[in-house]
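Structural description and commentary
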Amino acid sequence: MADSSIEIVEGCRLPVLRKNQENEDEWPLAEILSVKDIPGRKLYYVHYIDFNKRLDEWVTPDRLDLKKLQFPKKEAKTPTKNGLPGSRPSSPERDVRKSLDLNIQSASAPSRGKTLPTPKRKAESVSLAAQVTAATPVPSLPSSAEASQASVYPAMRDPSFSSKSREEHEQLTSLTTNGTTRRLIPSQPGRKRKNCGGTDEMVKVFQNNNPRCSTVFLPPGEMVKVFQNNNPRCSTVFLPPGEDSQDSSDGIPSAPRMTGSLVSDRSHDDIVTRMKNIDCIELGRHRLKPWYFSPYPQELTTLPILYLCEFCLKYLKSLKCLQRHLTKCNLRHPPGNEIYRKGTISFFEIDGRKNKTYSQNLCLLAKCFLDHKTLYYDTDPFLFYVMTEYDSKGFHIVGYFSKEKESTEDYNVACILTLPPYQRRGYGKLLIEFSYELSKVEGKTGTPEKPLSDLGLLSYRSYWSQTILEILMNLKSENGERPQITINEISEITSVKKEDVISTLQYLNLINYYKGQYILTLSEDIVEGHERAMQKRHLRIDPKCLHFTPKDWSKRGKW
């Protein structure tokens, strides 16, 4: 459908033909990122708007719908301001951003005459987004992820919800019956609000009830009763987000951390990093199609296939070079200590300082399947835990996760990835479970680096839900009373951080307010869904097979 008389340039937007998951034709809007001439025709590199970048591809002109072509808007010439060239015109968005920056700077500005040292940036091919992705490339799920986050913190996403707004909100009691009708009733004068700030109050577990619930605020440690095998009429419970929650409570995004792994600054993205630069990777018996850009050497990006040694992950430009390398490579497993083995599954702990070359090669490979990452070659501050599958030829890499040696925010995962050939087989959840088993040995609660990606959030939500429901369903009553458990006790048993426990309970819509106390209601649908999910989950971590001694990295000057 392309007309040769119309010149398509970078930045144009138009519908592009593609096949969806049902193998049906669709015409999503796409942006032209690059144009290249090959003998006889042109090719266009397109990014489908509102779709994940892994679906970006080169397309032929016959897949373009020129009837709805949108040319890029021409940028207005930069006007002068106060007679000085280069000043940019103001805009409401820029003014808001500038005011936010000024507020942040004024709040964190050091005293006059003193300077603050700038911490050294440390990282690897990872970010604040722990990502476990699906095996089949599918459109991105911003709507589902946003919906899930909104269901967790529905009242906290509005930046205008300040302390003043909260005080006004507390003057009214919002009642919701069956999640539909809402009416506001002024609070009665002279009545004191119940202080629910205690962190060790009990959560009671009720069964065979059908309460009607109201909209309330729940503190992190409130003890909650649990109803089982019911379908109660209930409504939203607002949970105040903790420091590590997905969203900033005041609406201002937090500044990126200067230590460990960082999310790449998308404002500095150029056209090169937005495009896949590797066509195909051969890793052992698998050929992988990369999803994103990875900074391999420029001379390797023009090759039809990039060859990797599956044991040391060294990259080579030809099959001949790979065969010659394999005659000299003595590795048959990742370097480092094997700290877990059960059946054919093993985990190896790799120090980013002691095995720097392997760690850097692992980062380069991982970057092909992880977006929004900044890749640094300083892997010293990180530990890498590589999961392998064993056969007669050696230990083949399945996936990995990394973590900081010292994390001030209790992060137990910096980045997590299951390689595409092994996805949708339970290995991602096994990696997550293993990260929490390490936290249990360390005697800490852990959480993945925030914010999670859309697919990472779904993966962790699934693990958290199954883990917490497993505990709640195994609770036993004592002295004829309904079982009770605290949020803190759930956190201690699972090593899942308290904020993640609360957000998961809210995500499952389990927390309700009934007769002056908080209850957890397990409906028949939730119980049956959990039992079906656990029947499919065959891969589990056996703590008896873990041989791991945590180290105190704070006592080591240079690790």
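Just so it is clear, the structure is predicted and the values come from calculations on it, not from any experiment.

1. Details of the overall build of the protein chain
Counting its regular elements, the protein chain contains 10 helices and 22 strands. Out of the 559 residues belonging to the protein chain, those deemed buried represent 47%. Nonlocal contacts in the protein chain, meaning residues at least 24 apart in sequence, comprise 65% of its contacts between residues at least 6 apart. Accessible surface for the protein chain amounts to roughly 29800 Å². Of this, 49% is attributable to carbon and sulfur atoms.

2. Description of the sheet that holds strand E13 (residues 315–316)
Spatially, E11-E10-E12-E13 is the arrangement adopted by the four strands of the open sheet, whose pairing is mixed. Edge positions in the sheet fall to strand E11 (286–288) and E13, since each of these pairs with one other strand and no more. Two elements, strand E10 (residues 281–283) and strand E12 (residues 306–308), share three bridges in a ladder whose sense is parallel. Within E12, the position partnered with Ile281 by the bridge is Leu306.

3. Focus on the nonpolar core
Ranked by internal contacts, the top residues of the largest apolar core, which has 77 residues, are Phe347, Leu365, Phe434, Leu472 and Leu505. Here the element with the most residues in this core is helix H7 (residues 454–473); it accounts for eight residues. For Phe347, the contacting residues outside a window of four places in its chain are Asn337, Glu338, Ile339, Tyr340, Val386, Met387, Leu430, Leu431, Phe434 and Ile541. If you look at the next biggest cluster of nonpolar residues, it comprises 15 residues, including Val16, Tyr44, Tyr48 and Val59.

4. Comments concerning the pairing of strand E21 (residues 511–514)
Relative to strand E22 (residues 517–522), E21 runs antiparallel, the two being bridged by four bridges. Within E22, the position partnered with Tyr513 by the bridge is Tyr518. Counting the residues that bridge the hairpin from E21 to E22 gives two residues, and of these Lys515 lies at a positive phi of roughly 50°.

5. Thoughts on the packing of H7 against helix H9 (residues 498–507)
At a closest axis distance of 10 Å, the pairing of H7 and H9 adopts a crossing angle of 90°. With respect to their mutual orientation, H7 and H9 come out roughly perpendicular. Only Asp500, Val501, Ser503, Thr504, Leu505 and Tyr507 of H9 make contact with H7, whose side of the interface consists of Arg461, Trp464, Ser465, Ile468 and Leu472. Residue composition of the contact of H7 with H9, grouped by class: six nonpolar, three polar and two charged.

6. Some details on H7
The first and last C-alpha atoms of H7 sit 28 Å apart over 20 residues, in line with the 28 Å expected at 1.5 Å per residue. The element H7 is extensively covered by neighbouring structure, given that 16 of its 20 residues are classed as buried.

7. Brief notes about the sheet that holds strand E1 (residues 13–15)
On the basis of which strands lie adjacent, the open sheet formed by four strands has the order E1-E4-E5-E6 and antiparallel pairing. The sheet terminates laterally at E1 and strand E6 (57–59), the two strands that pair on one side only. For this sheet, the mean angle separating the axes of adjacent strands, direction not counted, is 50°. Of the strand pairs in this sheet, strand E5 (residues 41–48) and E6 are connected by three bridges, and their pairing is antiparallel. Note on E6: the bridge partner recorded for Tyr45 is Trp58.

8. Remarks on the UniProt feature "active site" (unreviewed entry) in the protein chain
The feature "active site" (unreviewed entry), as given by UniProt, occupies Glu449 in the numbering adopted here. Take Glu449: it is sitting in the loop between strand E20 (447–448) and H7.

9. Quick word on unusual backbone geometry
Positive phi is not limited to glycine here, since Leu313 has a value of about 65°. Following the sequence through the fold, Leu313 ends up in the loop between E12 and E13. The buried category is assigned to Leu313, whose relative accessible area is 1%. Even without a glycine there, the phi angle at Ser495 is positive, about 65°. By relative accessible area, which is 4% here, Ser495 ends up buried.

10. Things to note about the packing of aromatic side chains
Taken as a whole and assessed by the stated rule, the structure comprises 18 aromatic pairs. Geometrically, the ring pair formed by Tyr513 and Tyr518 is tilted, given 4.9 Å between the ring centres and 55° between the ring planes. One aromatic cluster in this structure is built from Tyr340, Phe347, Tyr385, Phe401 and Phe434. Above the ring of Tyr48, the side-chain terminus of Arg18 is found at 5.4 Å from the ring centroid. Above the face of the Trp291 ring, Arg54 is positioned so that its terminal group lies 4.6 Å from the ring centre.

About the criteria used
- Residues numbered from 1 in each chain as written.
- Predicted model: local features only at pLDDT ≥ 70, side-chain atom pairs only at ≥ 80, totals over all residues.
- Heavy atoms only, no water.
- Helix = DSSP H or I, 4+ residues; strand = E, 2+ residues; numbered from the N terminus.
- Buried < 20%, exposed > 50% of the residue type's maximum accessible area, 1.4 Å probe, protein only.
- Contact = heavy atoms within 4.5 Å.
- Areas by Shrake-Rupley, 256 points an atom, 1.4 Å probe, with all protein chains shown as cover.
- Pairing = 2+ DSSP bridges.
- Core = buried A, V, L, I, M, F, W, Y, C linked by side-chain atoms within 4.5 Å.
- Axes fitted to C-alpha atoms, helices over the stretch in contact; angles between N-to-C directions.
- Parallel < 35°, antiparallel > 145°, perpendicular 65-115°, else oblique.
- Nonpolar A, V, L, I, M, F, W, Y, C, P; charged D, E, K, R; others polar.
- Expected span 1.5 Å × (residues − 1).
- UniProt positions renumbered as here; feature names shortened; annotations may be inferred.
- Phe/Tyr/Trp six-rings, centres within 6.5 Å; stacked < 30°, edge-to-face > 60°.
- Lys NZ or Arg CZ within 6 Å of the ring centre and 35° of its normal.

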